[in-house]
Every structure is written in structure tokens, then in C-alpha cells.
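So you can see what is in the structure, the chains are spelled out below.
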Amino acid sequence: MDGLEAVGDPVRRRFVELLARGERTAGELATLAADEFGITQPAASRHLRVLRESGVVASRVDGQRRVYALEPAGLEEAAAWFDVLTAFWEQRLDALGTELVRGSRRSVDHHTGKAAS
């Protein structure tokens, strides 16, 4: 599973949003998932495993806690895909804006400033 597929689930997207602000322990993430999504700790752990195996997050052991952090490289492919889509739509929206301006100019008589009939 790649990064884009991994963040296809709302729980995993929420984990990524939280980890974008800084490291969190597995316990903190499981508690937040339980509060927001009503899922169990084992279910939260499975979501974290998917994110870890897809390279979206990294984890390290700190004493008895497992600490998770966002791994930006894991989302590079997804970001590149969104960049292509953004460029596609920006070009089309720019063209639409140009046509709308042209259309509004045509509907006004430039000599009188009144709407053309």
C-alpha cells in the first residue's frame, strides 16, 4: 500500500493531521481515535501499522512507550499526484475566468456603457 492509499481512511488521515503538528505516543493516538471515531486500541494500532508499513509514519521506542512521527517522504508520491491535479484544474479555471471576462465585455456596449440588446 502506498501513502495515498494509506491516508484513504479517515482515522489514518486524522493521525497524519495530528502527527503533522508533532510526535505523539501510540496511547495518545489510540485515545484520540477512541474519542473521535469510537474505535478500540487494537483497531488504532492496526491503523498505525498500516501508516508505518506504507512509510507515512515512523515509530521509535521511548522507554515503555512507542512514539510516532510523520515521515514526509512517505507522502511525496501523493503530493506529486495532487500537484498534477492542481495544475490541471488551475489551467482550466484560468481559461474559464478569461472566457467569463470576455463574455461580460461583449454584453456591454462600450460606447454607451449600457447592456447590449
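See the structure printed just above.
The rules behind each value
Residues numbered from 1 in each chain as written. Predicted model: local features only at pLDDT ≥ 70, side-chain atom pairs only at ≥ 80, totals over all residues. Heavy atoms only, no water. Helix = DSSP H or I, 4+ residues; strand = E, 2+ residues; numbered from the N terminus. Polar contact = N/O pair within 3.5 Å; in protein donor to acceptor, adjacent residues only side chain to side chain. Expected span 1.5 Å × (residues − 1). Buried < 20%, exposed > 50% of the residue type's maximum accessible area, 1.4 Å probe, protein only. Arc of directions from axis to C-beta. Salt bridge = Lys/Arg side-chain N within 4 Å of Asp/Glu carboxyl O. Pairing = 2+ DSSP bridges. Patch = residues over 30% accessible without salt bridge, like charges linked within 9 Å, V, L, I, M, F, W, Y side chains within 5 Å. Areas by Shrake-Rupley, 256 points an atom, 1.4 Å probe, with all protein chains shown as cover. Contact = heavy atoms within 4.5 Å. Axes fitted to C-alpha atoms, helices over the stretch in contact; angles between N-to-C directions. Core = buried A, V, L, I, M, F, W, Y, C linked by side-chain atoms within 4.5 Å.

Draft legend 1. Summary view of the environment of Arg60. For Arg60, the position within the fold is in strand 2 (residues 57-62). Placed 35 residues apart in sequence, Arg60 and Thr25 show a C-alpha to C-alpha distance of 9.5 Å. A polar side-chain atom of Arg60 sits 2.6 Å from a polar atom in the side chain of Glu23.

Draft legend 2. Examining helix 3 (residues 26-37) more closely. With 12 residues, helix 3 extends 16 Å from end C-alpha to end C-alpha; this agrees with the ideal 16 Å at 1.5 Å per step. Every buried residue of helix 3 is listed here: Leu29, Ala30 and Ala33. Buried residues in helix 3, looked at end-on, bunch into an arc of 100 degrees, giving them a common side. The positive-phi residue at the C-terminal boundary of helix 3 is Gly38, with phi of around 70 degrees.

Draft legend 3. Geometry of the pattern of salt bridges. This model, assessed by the stated rule, comprises five salt bridges. Between Arg49 and Glu53 there is a salt bridge, with its nearest N and O atoms 3.7 Å apart. One end of the pair is Arg49 and the other is Glu53, both in helix 4 (residues 41-53) and four residues apart, which spans about a single turn. Overall, the relative accessible area of 36% leaves Arg49 in the partly exposed class. Between Arg65 and Asp62 there is a salt bridge whose closest N-O contact spans 3.0 Å. You can call Arg65 partly exposed: its relative accessible area is 44%. Classification of Asp62 by relative accessible area gives partly exposed; the value is 33%. A cluster of three or more residues bridged by salt bridges with shared partners is formed by Arg14, Glu17 and Glu36.

Draft legend 4. Broad picture of the environment of Ala34. Here Ala34 shows up in helix 3. A sequence separation of 10 residues divides Ala34 from Ala44, and the C-alpha atoms of the two residues are 8.1 Å apart.

Draft legend 5. Main features of the pairing of strand 2. Taken together, the six bridges between strand 2 and strand 3 (residues 65-70) define a ladder with antiparallel strand orientation. Bridge pairing in strand 3 links Ala58 to Ala69. Where strand 2 hands over to strand 3, the hairpin turn is made up of two residues, of which Gly63 adopts a positive phi near 70 degrees.

Draft legend 6. Geometry of a nonpolar patch on the surface. Together, Leu85, Trp89, Leu93, Leu96 and Leu100 make up an exposed nonpolar region whose accessible area comes to about 510 Å². With respect to the helices and strands, Leu100 occurs in helix 5 (residues 76-106).

Draft legend 7. Just the sheet that holds strand 1 (residues 24-25), in detail. Strand order in the open sheet made by the three strands is 1-3-2, with antiparallel pairing throughout. Since the sheet does not close on itself, it has two edges, and those belong to strand 1 and strand 2, each with one partner. The strands touched by helix 4 are strand 2 and strand 3; relative to strand 2, the strand with the most contacts, the crossing angle is about 115 degrees.

Draft legend 8. Broad picture of the nonpolar core. Grouped together as the largest cluster of nonpolar side chains are 20 residues, with contacts concentrated most on Phe15, Leu29, Leu51 and Val56. Leaving out residues up to four positions away in the same chain, Leu51 has contacts with Ala6, Val7, Arg12, Phe15, Val16, Val56 and Val57.

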